[in-house]
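# Structural features, examined
For reference, the chains in residue letters:
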Amino acid sequence: MPDLDAATPAVLRQAADYAIDYRASVPTRRVGARPGLTSDELRAALGGPLPEAPRDPRQVVDELIAAVEPGLVTIDSPRYFGFVMGGSVPAALAADILTTAWDQNAGLYLATPAAAMVEEVAGEWLVELLGLPAGTAVGFTTGATMAHFVTIAAARHAVLRNAGWDVEEQGLQGAPEIRVVLGKDAHVSLFNALRMVGLGRGRAIRVATDDEGRMITRELRAVLAELPAGPTIVCAQAGEVNTGAFAPIDAIADAVAERPGTWLHVDGAFGLWAAVVPSLRHLVAGVERADSWATDAHKWLNVPYDSGLALVRDVAALRAAMGVAAAYLPPAPGAERDPFDYAPEMSRRARGFPVYAALRSLGRAGIAEIVERNSRVARQIADGLAAMPGVRVINEVVLNQVLARFDDSDEVTRDLVRRIQDEGTAWFGGTTYHGTVAIRISVSNWATTEEDGARTLDAIARCLAEARAARDG
Ligand SMILES: *Cc1c(COP(=O)(O)O)cnc(C)c1O
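## Some details on the sheet that holds strand β3 (residues 205-207)
Reading across the sheet, the seven strands line up as β1-β7-β6-β5-β4-β2-β3 and stay open at both edges, with mixed pairing between neighbours. Looking along the sheet, the strands with just one partner apiece sit at the ends: β1 (137-141) and β3. Taking each pair of neighbouring strands and ignoring which way they run, the sheet shows an average axis angle of 20°. Bridge analysis of strand β5 (residues 263-267) against strand β6 (residues 292-296) gives three bridges, and the strand direction is parallel. Residue pairing in the sheet places histidine 265 in a bridge with serine 292 of β6. Each of β4 (232-237) and β5 is contacted by helix α10 (residues 249-257), which is oriented at about 160° to β5, the strand it contacts most.

## Re the pairing of strand β10 (residues 429-433)
Only one face of β10 is buried: it carries Gly429, Thr431 and Tyr433, and the other face, with Gly430 and Thr432, is open. As judged from the five bridges shared by β10 and strand β11 (residues 436-442), these two strands associate in the antiparallel manner. Bridged to threonine 431 within β11 is alanine 438.

## Focus on empty space enclosed by the protein
Applying the stated criterion across every chain, the model contains three cavities of 30 Å³ or more. Estimated volume of the largest cavity: approximately 90 Å³. Residue lining of the largest cavity: 15 residues in total, with Gly183, Ala186, Cys235, Ala236 and Gln237 positioned closest to the centre. Where the lining of the largest cavity is concerned, the elements lending two or more residues are β2 (179-183) and β4. With three residues, β4 is the largest single contributor of residues to the lining of the largest cavity. Taken together, the residues of the lining of the largest cavity sort by class into seven nonpolar, five polar and three charged. Here the residues of the lining of the second largest cavity sort into three nonpolar, six polar and no charged.

## Details of the sheet that holds strand β9 (residues 401-406)
Strands sit in the order β8-β9-β11-β10 across an open sheet of four strands; the sheet is antiparallel. Each edge of the sheet is formed by a strand with only one pairing partner; in this case those strands are β8 (391-393) and β10. Shown here is a sheet whose adjacent strand axes are inclined to one another by a mean of 40°, direction ignored. In the packing of helix α12 (residues 352-386) onto the sheet, the strands contacted are β8, β9 and β11, and the crossing angle to β9 comes to about 15°.

## So, the layout of surface pockets
If you add up the space inside the largest pocket, you get close to 1,000 Å³. As for the largest pocket, its lining consists of 28 residues, of which Ala15, Tyr18, Ala19, Leu93 and Ile97 are closest to the centre. Going through the elements one at a time, α1 (4-25), α3 (57-68) and α4 (90-102) are the ones with two or more residues in the lining of the largest pocket. Top contributing element to the lining of the largest pocket by residue count: α1, with eight residues. Here the lining of the largest pocket is composed, by residue class, of 20 nonpolar, five polar and three charged. Looking at the second largest pocket, it is lined by 14 residues, and the ones nearest its centre are Leu46, Gly47, Pro51, Arg55 and Glu63.

## Topic: the packing of aromatic side chains
Each aromatic ring pair is characterised by the separation of its centres together with the angle its planes make. Using the criterion set out here, one finds five aromatic pairs in the structure. In textbook terms, an aromatic cluster arises when at least three aromatic residues are bridged by ring pairs, as seen for Tyr80, Phe83 and Trp427. Here arginine 337 stacks its cationic end above the ring of tyrosine 342, 4.1 Å away from the centre of that ring.

## Comments concerning the site of the ligand
The environment of the ligand is made up of 13 residues, and the closest members are Thr145, Asp267, Asp296, His298 and Lys299. Here threonine 145 contributes a side-chain N or O atom positioned 2.5 Å from an oxygen atom of the ligand. For the ligand, the protein covers 84% of the area, taking 380 Å² as the surface of the free molecule. Residues of the shell around the ligand, tallied by class, amount to four nonpolar, six polar and three charged.

## Comments concerning helix α2 (residues 39-46)
The element α2 is largely exposed, with a buried count of zero among its eight residues. The first or second residue beyond α2 is glycine 48, which carries a positive phi of 100°.

## Concerning the packing of α1 against α3
Two elements in contact, α1 and α3, have axes separated by 8 Å at closest approach and are oriented at 25°. For the element pair α1 / α3, the angle class is roughly parallel. Only Pro57, Arg58, Val61, Asp62 and Ile65 of α3 make contact with α1, whose side of the interface consists of Leu4, Ala7, Ala10, Val11, Gln14 and Tyr18.

Basis of the calculations
- Residues numbered from 1 in each chain as written.
- Predicted model: local features only at pLDDT ≥ 70, side-chain atom pairs only at ≥ 80, totals over all residues.
- Heavy atoms only, no water.
- Pairing = 2+ DSSP bridges.
- Helix = DSSP H or I, 4+ residues; strand = E, 2+ residues; numbered from the N terminus.
- Axes fitted to C-alpha atoms, helices over the stretch in contact; angles between N-to-C directions.
- Contact = heavy atoms within 4.5 Å.
- Buried < 20%, exposed > 50% of the residue type's maximum accessible area, 1.4 Å probe, protein only.
- 1 Å grid on protein atoms, 1.4 Å probe; cavity = no way out; pocket = protein on both sides within 12 Å on 5 of 7 lines; lining within 4 Å.
- Points joined across faces, edges and corners; volume = space filled by probe spheres on them.
- Nonpolar A, V, L, I, M, F, W, Y, C, P; charged D, E, K, R; others polar.
- Phe/Tyr/Trp six-rings, centres within 6.5 Å; stacked < 30°, edge-to-face > 60°.
- Lys NZ or Arg CZ within 6 Å of the ring centre and 35° of its normal.
- Near = heavy atom within 4 Å.
- Polar contact = N/O pair within 3.5 Å; in protein donor to acceptor, adjacent residues only side chain to side chain.
- Areas by Shrake-Rupley, 256 points an atom, 1.4 Å probe, with all protein chains shown as cover.
- Parallel < 35°, antiparallel > 145°, perpendicular 65-115°, else oblique.

So far we have only geometry, and geometry alone does not tell us how the molecule works.
Following this line, the structure appears as structure tokens:
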């Protein structure tokens, strides 16, 4: 066995030196993985027989770096526009590294008072920052998918409690039926959550949406009017994953209020952050009237993966759905908040530290500036695309999302995506939105500037010329 105590400082310095160099290269590195890389190559570099003998940690780190480098994508690049990812601001990145070094188990106060209190403080700041009702409870999850799971479980508790049914004790078998109502363009993660909490993704009632993917309030009212009285959960979306559009949450809240006891949930994985920006706040008007919200810190707060937030107005409902009780897990000495009463896991990473560090580092003004600047760059890219002959922007750019189509051709549009990913200046993917093949650009990195927007437009123009040349033989 190598002398591991002696190896620890050396291997940490080695990793830190590499991490510092890697991060310094992020603004200029190619964005995509190495062109032409295959999974077989990665397997050959990483695989081989199960290691039988111990190996020096420094060698392990060296070999790991060498094997994975070609397959890394510079997700933190200011020109990474894939999915909706976000990067990591320096304070959050550093706090995340410390989180690993401290290796706290953030389940309960008694195990780690500091990690528990950081979540409490960061949670209170987040509720204020996002303009949600004071006292809203916050659970720290891996992402918005698990935040949906947590919040829908709290909703399930509340609507069945109102119907005289204890779902935590009795389960769903024999329970009054819960109706879940959501928009036709609801994010797939919400369906995953419905599947996990036993409500069934296929049973959700889908309300018609408009061209931008916004739930149509008139259609929601028609659906609710047809429903028999009983437990009901309505899910609205703040930020459609393709177009960035917002459902009219205030009007939806009005419709929901006419059906007392109905739970209103908001998927605001990235869109909820519009609440921080005075000039964008109108997009989420009425959002504070909901009962629960799911959002991500690893998207627009620019905290490293993985970091989601489950926010629930009715603390008792959340604790009923998630709370833990066991004799060997005593309550905190001063009845402090135990994080495992607000999220599904018992043992888990202390992901409050990086969230806290991001909030403290950026402040309200810094977060607003990022969201506003990213949205400005999205508009810049959309305007630049619209000015290119043969290019059509197909969504209304209200936030950070841009969809565009080239020469009204699936072939050219798809070929452009491949060429951009290989070319390396920027990275984005494709989508099919309401039946139309398009590129999909999402701007959500703290470091992205207008210069990145301009360089991306240049790269698109070059790749488009090549794609057209290839099509024309
Ligand atoms: C990203 C996203 C999700 C899922 O979030 P994860 O953090 O990936 O689990 C849900 N809804 C919307 C609108 C999203 O953009």
